[in-house]
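# A look at the structure
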Amino acid sequence: MDSSPNAPVQPSTQPSVWRDVRDAIRGAEHDYTQGPIGRAIFLLAVPMVLEMSMESIFAVVDAWYVGRLGPAAVATIGLTESLMVVIYTVAMGLSIGVTATVSRRIGEKDPDGAARATVQGLLLGLLLSALLGVIGATFAGELLALMGADASVQSIGTGFARISLACNSAVFLLFLINAAFRGAGDAAVAMRVLVLGNAINIVLAPLLIFGVGFVPALGLEGAAWATVVGRATGFVWALWHLSTGGGNLHVHKHHVMVEPRTMLHIATLSGWGTVQVALSSMSWVVLVRLISSFGGIAVAGYTIAIRVLLFALMPAYGVGAAAATMVGQALGAQNTERAERAVWVAARINMLVLGLTGALFWVFAPIIVSWFTEAPEVRLVGTNGLRTMSLGFPLYALGMVLEQSFNGAGDTRTPSWMNFVVFWLFQLPVAWYLSQHTTLGYRGVFTAVVMAYTALALVSAFFFRRGTWKNKQV
């Protein structure tokens, strides 16, 4: 059993699996550039899967509570989430650059360089989120209308959209700081940050939505404030840990300064990452627009199906994130063979787990959707969507690991081109044709999703085997 040179693992009578689970959750220090690959991925993946589950719980909790306010309220969340895609896109694109840079520096045994990269990434995030917040707060109502919101959705949803967009820094900066922790191998810290944020959101959401005692019922706006407060509190705790906690990543006072060269390096690396995420996420915006042509019921059902889908995919995304960290650190340590082996090990794990999840979703889709709405028409749309999309889960899992492995290596250009071809030249035309010109109707959108992610997995595997990502300099 391998161990960290700074914190050797003591002999234990516990079964190795349970000992590894304990070490993963508590964040035991470990050198991910050495030792068995399976255990290294396990130690990274467990907290990352839990972290991504926590991320998706934010969305599921809001949908569950807001579902009690009616289909128009659920549709509002779906349309606002589509607007937030722009913010998520920039944040995730910048996160790709931060993770790749931090993981490479850690692999090179350069913790000072990792700390400097983290600070410059956060400063960039603060600037960009402030700009996006001003735009979102000013034009919230108009943006909802642009997304196809009808009069009822606009009347009750503008406040929710304005709060969510104006306070996006809580989301943006949390993405970035957790990306830095993951790149450094401190995945357990990122997990704890989201556990704290979720706990606050789960407590505040029903209180602020429905009111209790002296707390007024804020309805949809209450859901927005609960999420903002939860995420902001998590970020503040993460900042504290970054400066005082243990682990591989430490930021001290001398790191807190503007370094134009480092900032430009991260921005350049993140540019293609942002394009990559934009091509994927903005395609979902177009899909929502297609669904909205079938009315508010279809949008509400689509929103529930997508929320549940994301709940399933986020843990799988966590396994992919573990592979990305392994790739970055292994390349930093000049061990390309270890990087490639780690990816295929992670891919097999992901395909097995997500394949089993897809089978469960197919069987229990009607029950799962019924947790979020009592409207039979909405249940029908959500059940059809969830069952259709679950058919592609094993290949979704493969594609996630491969795409994130490119990013971990700093090769953000290749996934960008793949996303352009698969989502914009293939998925959207197919979704438009199937939904608007066949008897499938709204079901054509869900069918196109399965076809696109299957194609992405196959294309990703082809380019990954070519191996050009191994030569990328970060």
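These figures come from a predicted structure and were not determined experimentally.

Here the focus is the packing of aromatic side chains. By the definition in use, this model includes 16 aromatic pairs. Seen from their ring centres, Phe-294 and Tyr-442 are 6.5 Å apart, and the 75° between their planes marks the pair as edge-to-face. Residue Phe-294 is found in the loop between helix H10 (260-292) and helix H11 (296-332), and its partner Tyr-442 is found in the loop between helix H15 (413-437) and helix H16 (443-466); the two are separated by 148 residues along the sequence. Residue Phe-294 is classed as partly exposed on the basis of its relative accessible area, which comes to 35%. Residue class for Tyr-442 comes out buried when judged on its relative accessible area of 12%. Consider the rings of Phe-361 and Phe-393, whose centres lie 5.8 Å apart with planes at 65°: the pair is edge-to-face. Of this pair, Phe-361 sits in helix H12 (residues 336-370) while Phe-393 sits in helix H14 (residues 393-408); the two residues are 32 residues apart in sequence, bridging distant segments of the chain. Site record: aromatic cluster; members linked through ring pairs are Trp-284, Phe-361, Phe-393, Tyr-396, Phe-423 and Tyr-453. Here Arg-387 stacks its cationic end above the ring of Trp-362, 5.3 Å away from the centre of that ring. Here Arg-443 stacks its cationic end above the ring of Tyr-442, 5.6 Å away from the centre of that ring.

Moving on, we get to the environment of Ser-460. Mapped onto the elements of the fold, Ser-460 is located in helix H16. Ser-460 sits in the buried class, given a relative accessible area of 0%. Placed 102 residues apart in sequence, Ser-460 and Gly-358 show a C-alpha to C-alpha distance of 21 Å.

Calculation notes
- Counting from 1, residues in each chain are numbered in the order their sequence is written.
- Residue-level local features of this predicted model are given only where pLDDT is at least 70; pairs of side-chain atoms are given and counted only at 80 or more, and the full residue set underlies all totals for whole chains, interfaces and linings.
- Remark: hydrogens and water are excluded; side-chain values derive from all non-hydrogen atoms of the structure.
- Only rings of Phe, Tyr and Trp enter the pairing, Trp through its six-membered ring, and a pair is recorded when the two centres are within 6.5 Å. The plane angle decides the type: under 30 degrees is stacked, over 60 is edge-to-face, the rest tilted.
- A run of H or I in DSSP counts as a helix once it spans at least four residues, and a run of E counts as a strand once it spans at least two, with each numbered from the N terminus.
- When a residue's accessible area, from a 1.4 Å probe over protein chains only, is under 20% of the maximum for its type it is buried; when over 50% it is exposed; and in between it is partly exposed.
- Comment: the charge-over-ring label is applied if NZ (Lys) or CZ (Arg) is within 6 Å of the ring centre and within 35 degrees of the ring normal.

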